[in-house]
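Survey of secondary and tertiary structure
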Amino acid sequence: WILDNPFVLSISFHDGRVMINYPWDDSPAAVEGEKAICPDDDVFSEMSALYAENHAFMWTGKCLCHSETFNKGISNGAEWYVVDNGMQDYNYLFSNCMEITAELSCWKRPIQSHLQVEWENNLDSMLIVLESVHGGIKGKVVDQDGNPLNGAVVEVVGKEKNVTTSKRGEFWRMLLPGSYSVKATHKNLFGVIESDLIDMSVINSLGQGALEVNLTARIQYQETFIVTGVKNGGCKYFDNQYFDEIKSLFHDCRICDIKIFDQECKYVHNDADSRQVAFLVTVIFAPLPMFNFFDDRWGENIIRRPTSEFEMKKLKRRATMYSEEVWCGRKDDWVVRVFLEYLYLM
């Protein structure tokens with residue numbers, strides 16, 4: 001149920017103390033009595049403080065039944081004590097949902113006559129934390145035809161926590177005020193589509209309104225090239241000195257990876273001072289030049305992600321032609337060709 005529905009925020013209610021705790025309760029590096037910091041520690045701390053500050057007395061960090069105190073009435077889970085397989089950790093790790101745990105009373109089973117007091121102690125806190133969901137960013141992820149994308153991954157650069165879109169392409173990402181870069185990616189059997197990386201500034205605090213950000217994902221075509229050249233002296237262990245020069249050959253592309261290609265590194269026959277250096281370069285093509293090529297050649301100025309094996313093979317053939325005609329050949333001191341993996345499997 002939790003995994004099937006894109007919940008944004010939840011509160012788990014416990015008794016036995018009067019305080020708020022938040023993830024991580026446990027992690028591979030967790031040490032009881034020390035904070036186990038998750039990627040959204042700042043947001044969890046803020047939400048927890050909102051609850052405690054609006055409670056009748058939780059904000060004092062004290063309760064009548066125990067001598068231990070909690071600064072501002074809140075604690076990181078592991079900093080209090082380590083809990084294996086806790087619900088708030090599960091929600092944060094495996095779903096979109098950010099959950100905090102509210103410890104409401106010294107009594108494990110409050111008597112009926114005291115329930116109204118507990119309700120009044122916690123009502124404002126519950127409401128203000130639920131309202132805090134209106135903070136950070138929200139929006140939709142669609143493809144280039146405007147169709148909503150179910151299961152697209154929305155990434156905030158620098159945050160090791162992503163959220164996934166609903167069936168209607170919706171997403172909500174709680175963030176504190178600050179500057180962020182966001183993109184969305186959607187994968188299926190026929191490839192990856194990805195939005196541009198969008199820079200934005202979140203101004204409002206939690207509960208004051210989320211910034212609306214709509215993302216359009218387009219096809220991202222990836223190709224791998226072999227780049228070779230002849231150099232005098234040196235050895236391959238220092239060939240990374242050529243990386244910047246190699247990258248400049250693919251000026252309109254996003255470089256995904258570049259590495260020395262051992263199988264093509266060799267000495268030149270009858271020239272003891274010269275050797276061939278070789279690199280594997282994986283790039284993602286900039287959309288516009290590729291679209292223009294397809295338009296000139298086949299009258300198609302929009303390239304969509306394939307929806308069948310037939311379409312995928314057709315796109316591969318045409319993209320290979322684009323790679324060979326636009327990016328391959330001799331470029332200054334280098335020779336570029338498309339990497340055909342099957343030739344190197346033996």
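Scroll up to find the structure this text is about.
Read on for an overview of the structure. Computed from a predicted structure; not experimentally measured. (Residues numbered from 1 in each chain as written. Predicted model: local features only at pLDDT ≥ 70, side-chain atom pairs only at ≥ 80, totals over all residues. Heavy atoms only, no water.)

**A short note on the overall build of the chain**
Along the chain, the regular secondary structure elements total 7 helices and 19 strands. For 346 residues, the compact-globule formula gives about 20 Å, and the C-alpha radius of gyration of the chain, at 28 Å, lies well above that figure. Dimensions of the chain along its principal axes, counting C-alpha atoms only, are 95 × 50 × 35 Å. Counting across all 346 residues of the chain, residues that qualify as buried make up 45%. Counting contacts in the chain only where the partners sit at least 6 residues apart, residues at least 24 apart contribute 73% of the total. Surface summary for the chain: the accessible area is close to 19,100 Å², and the carbon and sulfur share equals 51%. Side chains of the chain carry 34 positive and 50 negative charges; the gap between the two charge centres is 6 Å. (Helix = DSSP H or I, 4+ residues; strand = E, 2+ residues; numbered from the N terminus. Rg over C-alpha atoms; globule rule 2.2 N^0.38 Å. Buried < 20%, exposed > 50% of the residue type's maximum accessible area, 1.4 Å probe, protein only. Contact = heavy atoms within 4.5 Å. Areas by Shrake-Rupley, 256 points an atom, 1.4 Å probe, with all protein chains shown as cover. Lys, Arg positive; Asp, Glu negative; His and termini not counted. Charge placed at Lys NZ, Arg CZ, Asp CG, Glu CD.)

**A closer look at the pairing of strand β9 (residues 178-188)**
As defined by bridge partners, strand β6 (residues 153-156) adjoins β9 across 4 bridges and the pair is classed as antiparallel. Opposite Val-153, over in β9, you have Thr-185 as the bridge partner. Sheet topology places β9 next to strand β11 (residues 198-202); 5 bridges connect them, and they run antiparallel. Residue Ser-181 lies in a different strand from β11, and its bridge partner there is Asp-199. Where β9 folds back on strand β10 (residues 191-194), the antiparallel hairpin that results is connected by 2 residues. (Pairing = 2+ DSSP bridges.)

**Overview of helix α7 (residues 309-327)**
The end-to-end C-alpha distance of α7, which contains 19 residues, comes to 26 Å, matching closely the 27 Å that a straight helix rising 1.5 Å per residue would cover. When we look at burial in α7, the residues that qualify are Leu-315, Arg-318, Ala-319, Thr-320, Tyr-322, Ser-323 and Trp-327. Buried residues in α7 make contact with β13 (215-219), β14 (222-232), α6 (287-298), β18 (329-331) and β19 (334-338). Backbone geometry just after α7 places Gly-329 at a positive phi near 110°. (Expected span 1.5 Å × (residues − 1).)

**Here we look at the side chain of Ser-48**
Of note, Ser-48 is situated in helix α1 (residues 41-53). Since its relative accessible area comes to 0%, Ser-48 is described here as buried. Within the local environment of Ser-48, its side chain forms a polar contact with the backbone oxygen of Phe-44, the two atoms lying 2.8 Å apart. Setting aside residues up to four positions removed in sequence, Ser-48 forms contacts with Ile-20, Tyr-22, Ile-74 and Ile-100. (Polar contact = N/O pair within 3.5 Å; in protein donor to acceptor, adjacent residues only side chain to side chain.)

**Some remarks on the packing of α1 against helix α4 (residues 115-131)**
Look at α1 against α4: their axes get within 7 Å of each other, and the N-to-C directions meet at 150°. It follows from the interaxial angle that α1 and α4 lie roughly antiparallel. By crossing handedness, the relation of α1 to α4 is classed as right-handed. The residues of α4 that touch α1, namely those facing Met-47, Leu-50 and Tyr-51, are Asn-122, Ser-125, Met-126, Ile-128 and Val-129. Across the contact of α1 with α4, the residue classes break down as 6 nonpolar, 2 polar and no charged. (Axes fitted to C-alpha atoms, helices over the stretch in contact; angles between N-to-C directions. Parallel < 35°, antiparallel > 145°, perpendicular 65-115°, else oblique. Left-handed = near helix turned anticlockwise from the far one by under 90°. Nonpolar A, V, L, I, M, F, W, Y, C, P; charged D, E, K, R; others polar.)

**Regarding the pattern of salt bridges**
In total, this model carries 13 salt bridges according to the counting rule given. Close ionic contact of Asp-239 with Arg-275 constitutes a salt bridge, the shortest N to O distance being 2.7 Å. One end of the pair, Asp-239, is in the loop between β14 and α5 (243-248); the other, Arg-275, is in strand β17 (residues 274-284), and 36 residues separate them in sequence. For Asp-239, a relative accessible area of 0% corresponds to the buried category. Three or more residues are tied together by salt bridges with common partners; here these are Asp-40, Asp-42, Lys-159 and Arg-173. (Salt bridge = Lys/Arg side-chain N within 4 Å of Asp/Glu carboxyl O.)

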